[in-house]
Amino acid sequence: MMKEKLHEQQNEETTLDNLMEGFQLISFDWRYLYVNEAVVKHSKYKKEELLGFTMMEKYPGIEKTPLFDILKICMKERVPEFFENEFTYPDGSKGWFELRIQPVPEGLFILSIDISERKKSEEKKAEYVYGLEKMLFMTSHKVRQPITQIIGMSNLLEHEFNSHEDLKQITRYMKDSLRSLDLFTKELTVFLNDLQDQVKNE
């Protein structure tokens, strides 16, 4: 009977180890009791470097983070929690994780999913939208003036008593306005190409 239970427990741990989601069991004194392979990958530590150690030993300063504040509430009040968290590693790199925390008799059971790529995609999209808004702002300001000038000059052309000099001056103004539009068109093309390259390369 004991062997069957042990075998069953080993099978369960093997199943958890092979999942893409991270599974970790944290004791009441904040020690790692169990971590699967996904957590090992997320943590940037080896399994033996985590098990038996406290979260504070592996991630100095974690006790001062909003993440740890939530963990303390879950641990003390025995309530579940679900949230997204940006985690900063000791080497300064960062990762985004979706966390589901569940109180268990041993302490806390934490399910973690790496959503870093999704967050990067969302950030790229936000940057692209910001770039488009900036482009619209540029367009409304840099296009309005030369177009207004061209319309004004066009209205003057409708007058019957324009002298030859008047017509030459109107033509110069219209050419200047058209050059401004042509220059802005080139600037806008460069801006859009830079924006697309920035989004692709990040």
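Here's what I pulled together on the structure shown here.

Reading the values: rules and limits
Residues numbered from 1 in each chain as written. Predicted model: local features only at pLDDT ≥ 70, side-chain atom pairs only at ≥ 80, totals over all residues. Heavy atoms only, no water. Core = buried A, V, L, I, M, F, W, Y, C linked by side-chain atoms within 4.5 Å. Buried < 20%, exposed > 50% of the residue type's maximum accessible area, 1.4 Å probe, protein only. Helix = DSSP H or I, 4+ residues; strand = E, 2+ residues; numbered from the N terminus. Pairing = 2+ DSSP bridges. Axes fitted to C-alpha atoms, helices over the stretch in contact; angles between N-to-C directions. Contact = heavy atoms within 4.5 Å.

A few points about the nonpolar core
So, point 1. Ranked by internal contacts, the top residues of the largest apolar core, which has 23 residues, are I26, W30, M55, L71 and L108.
So, point 2. Contributions of two or more residues to this core are made by strand 2 (32–35), helix 2 (37–43), helix 5 (66–77), strand 3 (81–88), strand 4 (94–104) and strand 5 (107–114).
So, point 3. Looking at this core, the element that brings in the most residues is helix 5, giving five residues.
So, point 4. If you look at the next biggest cluster of nonpolar residues, it comprises eleven residues, including M153, M174, L181 and F184.

Topic: unusual backbone geometry
So, point 1. Here the phi dihedral of W30 falls at roughly 70 degrees; this positive angle occurs in a residue that is not glycine.
So, point 2. Located in the positive-phi region is K44, a residue other than glycine, with phi close to 70 degrees.
So, point 3. Mapped onto the elements, K44 comes out in the loop between helix 2 and helix 3 (47–50).

Looking at the side chain of Q24
So, point 1. Tracing the sequence through the fold places Q24 in strand 1 (residues 22–27).
So, point 2. For Q24, a relative accessible area of 11% puts it in the buried group.

A word on the sheet that holds strand 2
So, point 1. Read across the open sheet, the five strands follow the order 2-1-5-4-3; overall the sheet is antiparallel. Among the strands making up the open sheet, the edge pair consists of strand 2 and strand 3. This sheet shows a mean twist of 25 degrees between the axes of neighbouring strands, independent of strand direction.
So, point 2. Where strand 4 lies against strand 5, eight bridges are found, and the strand directions are antiparallel. Residue pairing in the sheet places E98 in a bridge with I113 of strand 5.
So, point 3. This element, helix 5, spans strand 1, strand 3, strand 4 and strand 5 of the sheet and lies at about 145 degrees to strand 3.

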